[in-house]
Each structure stands twice: as structure tokens, then as C-alpha cells.
Amino acid sequence: MSETHLLTERYEDQLKVWPQQGKHILAQYDETSVVVYQAYRPAIGRFAARRGYFGGGFSLERMSWVKPNFLWMMYRSGWAQKEHQEVVLAVRLKRAAFDEILVQAVHSTYKEALYGNHEAWKQALETSHVRLQWDPDHDPRGAKLERRAIQLGLRGPVLVQYAREWILDIEDISQFVREQHRYVESGTLDQLIMPAERVYPAADSHVAARLGMTM
């Protein structure tokens, strides 16, 4: 098996402790860092993995989405099989930076209970540099789950900070991903190994409530 700097654990063991429903941030984290995932075409992905920051063909003018949940990234990238998503990156961020991203996040769709009225939400969305979406999580085969997974869209100055200042390490885990995908294809999920993830606790309960996280 390809080596990775990530902590890994059997999928079936993690399944026993993950919540089965609700809106949760599943992530690999410690006291100082949080791992998020992105997938790119080889030129962008390999540049980032070699240099430890995003550059080359990476655009700072577009919104860039990060996902702390490994299986959601696998669903989105087709286990590194989709065109222009062949290089899967594990990006280790400063935990304080990830918390700041959560503080600035505004939902991509209107939530009356959180924003009061449509105009207030629209103004918040236009001025924020972080967008938030809760999407159905997926199992290794791509089936939808009751649990929701978070993805965060970064733009403007937040994207610049992400790309150049907040990163502790970038690892190309594409080979690891492809090796583990074989167990998905063969139906032997008892052998599937993936990054160890647990429910991430928001630093502030008010932020968690505003994001709609299940408490």
C-alpha cells in the first residue's frame, strides 16, 4: 500500500462511530491542524504538492471549494477517475485558519431561520468571501446517505490566504486513493482503509448554530 502522512483507519471501524444523520463536519484534525481535500488536473495538483502552495495554473480569480470529508471528495472526483480531478490533494491547514473560514461562511442558499429575510442573506452572501453548502454525504460506492457533509467555497482575500499563508503541508494522495478504490470496486469494504475522521467541534457554539451544524 502506498504510504501517506495521514492517519488511516479501516472504513468499517470508522462507520461504527460516525453519526448516521444530521449536519456534521467529519475531518482529520489535531490541536493545530485540519485536513481538507481538493482534486485537480495534474499540472495544478503536482505543482501544489511539490511547492507546498497553490500556483502555476491555479486561479485566484475563481471560487475554490475545499472538502474536509474524504468520502465526499471521493464521490466528487470519482476516486480520482474524473477528468481534471486525477490528482487528489490532502491539504493540511492551520486549525485557526479553518475556524476563521467557518466564522466567515455564508450559506449558498437562503435559510430564513438563520438570516431573517432574503435581502439580509443576499447582502451577507455578496460581501462574504466564504460560501457554505451542506450536501448529502455518500458511502464509498457513491450512494447518498442521511448525513450531510460540508463543503466550503473560498474566494478573494480568503482564497489568497488559503493558497499562500494558511497551508502547513500538501500531500498528493492520488496513488493511495486509486489503491483503495480497488476494494470498493471488488466489494471488499472490510479491507478499505481511509483517512481517520471524527466529528469536528466548532470553536464557537454560536458559529456552529449559524452554520446549521447538528449539536
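Predicted, not measured: the structure shown is a model, and the values here were computed from it.

(A) Here's a closer look at unusual backbone geometry. Within the chain, Trp79 stands out as a residue other than glycine whose phi angle is a positive 55°. Along the chain, the position of Trp79 falls in the loop between helix H3 (70-77) and strand E6 (87-94). Trp79 gets classed as buried once you look at its relative accessible area, which sits at 4%.

(B) Representation of the nonpolar core in the model. By size, the foremost hydrophobic cluster in this structure holds 37 residues, and its most contacted members are Ile25, Phe54, Val91, Leu102, Leu152 and Tyr162. Excluding its chain neighbours within four sequence positions, the residues that come into contact with Phe54 are Gln38, Tyr40, Phe47, Ala48, Leu89, Val91, Tyr162, Ala163, Arg164, Ile167 and Ile170. Leu6, Tyr11, Met74 and Val177 belong to the second largest nonpolar core, which has 23 residues in total.

(C) Structural detail: the pattern of salt bridges. Under the counting rule described, the total for this entry stands at five salt bridges. Notably, a salt bridge pairs Arg10 with Glu12, separated by 3.5 Å at the nearest N-O pair. Owing to a relative accessible area of 30%, Arg10 belongs among the partly exposed residues under this scheme. Between Arg147 and Asp137 there is a salt bridge; the shortest N-O distance is 3.0 Å. Remark: Asp137 occurs in strand E8 (residues 130-138) and Arg147 occurs in strand E9 (residues 144-154); sequence separation between them is ten residues. Just as Arg147 is buried, Asp137 falls in that class too. Overlapping salt bridges, with partners in common, bring together Arg10, Glu12, Asp13 and Lys16 in one network.

(D) Region of interest: the side chain of Arg92. Counting through the fold element by element, Arg92 comes out in strand E6. Among buried Asp, Glu, Lys and Arg side chains, Arg92 stands out as unpaired, with Asp30 the closest opposite charge at 4.4 Å. Apart from the residues lying within four places of it in its own chain, the contact partners of Arg92 are His5, Leu6, Gln28, Asp30, Ser33, Val34, Val35, Trp166, Ile167, Leu168 and Asp169.

The rules behind the values
Residues numbered from 1 in each chain as written. Predicted model: local features only at pLDDT ≥ 70, side-chain atom pairs only at ≥ 80, totals over all residues. Heavy atoms only, no water. Helix = DSSP H or I, 4+ residues; strand = E, 2+ residues; numbered from the N terminus. Buried < 20%, exposed > 50% of the residue type's maximum accessible area, 1.4 Å probe, protein only. Core = buried A, V, L, I, M, F, W, Y, C linked by side-chain atoms within 4.5 Å. Contact = heavy atoms within 4.5 Å. Salt bridge = Lys/Arg side-chain N within 4 Å of Asp/Glu carboxyl O. Lys, Arg positive; Asp, Glu negative; His and termini not counted.

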